[in-house]
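Observations on chain architecture
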Amino acid sequence: MYRSPAVYQNSPGHMANLSSLYQRVGIETGVDAASPHHLVTMLYDGLLESMALARGAIRTNQIDVKCRALTRAVRIIDEGLRCALNTEAGGDLATNLSDLYFYVSVRLTRANLRNDDAAIEECIKLIEPLRQAWVSIGAQEQASAPVPSMQKVVA
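Sequence order sets the numbering: in each chain, residues are counted from 1 along the sequence as written. Note on the predicted model: pLDDT of at least 70 is required for a residue's local features to be given, and 80 or more for side-chain atom pairs to be given and counted; whole-chain, interface and lining totals, by contrast, use all residues. As a convention, hydrogens and water are excluded, and side-chain values are obtained from all of the structure's heavy atoms.

1. Concerning the overall build of the protein
Note the following rule: Per the convention used, a helix needs a DSSP run of H or I reaching at least four residues, while a strand needs a run of E reaching at least two, with both numbered from the N terminus. We get accessible surface area from the Shrake-Rupley algorithm with a probe of 1.4 Å; when it comes to residues, only the shown protein chains can shield them.
The number of helices and strands found in the protein is six helices and zero strands. Surface summary for the protein: the accessible area is close to 10900 Å², and the carbon and sulfur share equals 57%.

Here it is in structure tokens:
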């Protein structure tokens, strides 16, 4: 009896791989098209998402999920947010953010070692206002950007 290849391609494992691939392409496309401001917003979103995932994993005793989520969160801080800071141009603000990111990174590393949900919650409370402020800055920039004029084209 002949079975079409679609029978095999619709297996749960294959569908999960396709879903993962689709999600990865969507993220990469979003990154390629994003402004520098939006990239930082995406870093904050990924950080908050990872911390929330880690908290849920601690509650359900999924240690491997917690470890991956907190490792991702620390990498977002260290390789994304802290590396993007320009301490020369940003002065005290950039230095203070760098110090805060360092603190959050250390707290998350310790939370990973000790399954410390309260430490993760503390980090979320420190990062959420930064994300909200960053988003509002972007909204203000868009509101103050000049609207391109519509020129009448004469043929």
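Read on for the rest.
2. A look at the packing of helix α3 (residues 36-59) against helix α4 (residues 63-84)
To keep it simple, the criterion reads: Whenever a helix is involved, its axis is fitted only over the stretch in contact; in every case the axis is a line through C-alpha atoms, and angles between N-to-C directions fall within 0 to 180 degrees. Note on terminology: angles under 35 degrees are roughly parallel, angles over 145 are roughly antiparallel, angles of 65 to 115 are roughly perpendicular, and the others are oblique. Rotating anticlockwise by less than a right angle from the far helix to the near helix defines a left-handed crossing, while the corresponding clockwise rotation defines a right-handed one. Whether two residues are in contact is decided by their heavy atoms: any pair within 4.5 Å suffices.
Running from N to C, α3 and α4 cross one another at 155 degrees; their axes reach a closest spacing of 8 Å. Taken together, the axes of α3 and α4 lie roughly antiparallel to each other. Of the two elements, α3 crosses α4, and the hand of that crossing is left-handed. Contacts from Val40, Leu43, Tyr44, Gly46, Leu47, Glu49, Ser50, Met51, Leu53, Ala54, Ala57 and Ile58 in α3 reach Val65, Lys66, Ala69, Leu70, Arg72, Ala73, Ile76, Ile77, Gly80 and Leu81 in α4.

3. Notes on the confidence of the model for the protein
Detailed conclusions should not be drawn from predicted coordinates in areas where pLDDT is low. Quick note on the threshold: Note on scores: pLDDT gives the predictor's confidence for each residue, bounded by 0 and 100.
Averaged over all residues, the pLDDT of the protein equals 80, while 69% of them reach at least 70. In the model, residues 1-22 has pLDDT below 50 throughout and makes five contacts with residues more than four positions away in sequence or in other chains. Low pLDDT (under 50) marks residues 147-155, which in the prediction has zero contacts with non-local residues, meaning those over four places away or in another chain.

4. Comments concerning the environment of Thr87
Selection rule: The buried label goes to any residue with under 20% of its type's maximum accessible area, the exposed label to any with over 50%, and the partly exposed label to all in between, with areas taken from a 1.4 Å probe on protein chains only.
Mapped onto the fold, Thr87 is located in helix α5 (residues 87-114). The partly exposed category is assigned to Thr87, whose relative accessible area is 43%. Residues Thr87 and Leu97, spaced ten residues apart in sequence, show a C-alpha to C-alpha distance of 9.3 Å. The residues touching Thr87, leaving out its near neighbours within four places in the chain, are Ala94 and Thr95.

5. Thoughts on the environment of Tyr103
Along the chain, Tyr103 turns up in helix α5. C-alpha separation for the pair Tyr103 and Cys123, spaced 20 residues apart in sequence, amounts to 8.9 Å. Beyond its immediate sequence surroundings of up to four residues, Tyr103 is in contact with Glu122 and Leu126.

6. Describing the pattern of salt bridges
Note the cut-off: Whenever a carboxyl oxygen of Asp or Glu lies within 4 Å of a side-chain nitrogen of Lys or Arg, that contact is scored as a salt bridge.
Tallied over the full model, the rule gives ten salt bridges. Between Arg75 and Glu79 there is a salt bridge, with the nearest N and O atoms lying 3.0 Å from each other. In this pair, Arg75 and Glu79 are both assigned in helix α4, four residues apart and thus about one turn of the helix distant. A salt bridge links Glu122 to Arg107, with the shortest nitrogen-to-oxygen separation between them at 2.7 Å. One end of the pair, Glu122, is in helix α6 (residues 117-144); the other, Arg107, is in helix α5, with 15 residues separating them in the sequence. On the basis of relative accessibility, which here comes to 22%, the residue Arg107 falls in the partly exposed class.

7. Here we look at the nonpolar core
Here is a general trend for soluble globular proteins: nonpolar side chains tend to be buried in one another's company. Stated formally: Think of a nonpolar core as a cluster: buried Ala, Val, Leu, Ile, Met, Phe, Trp, Tyr and Cys residues, connected wherever their side-chain atoms sit within 4.5 Å.
Ranked by internal contacts, the top residues of the largest apolar core, which has 24 residues, are Leu47, Met51, Leu81, Tyr101, Leu108, Ile120 and Ile127. Apart from the residues within four sequence positions on either side, Leu81 is in contact with Val40, Leu43, Tyr44, Leu47, Ile76 and Tyr101.

8. Focus on the packing of α4 against α5
Two elements in contact, α4 and α5, have axes separated by 10 Å at closest approach and are oriented at 165 degrees. It follows that α4 is roughly antiparallel to α5 by the angle criterion. The two elements α4 and α5 cross, and the hand of that crossing is left-handed. From α4, Lys66, Cys67, Leu70, Thr71, Ala73, Val74, Ile77, Asp78, Leu81 and Arg82 reach across to α5, where they touch Ser98, Tyr101, Phe102, Val104, Ser105, Leu108, Thr109, Ala111 and Asn112.

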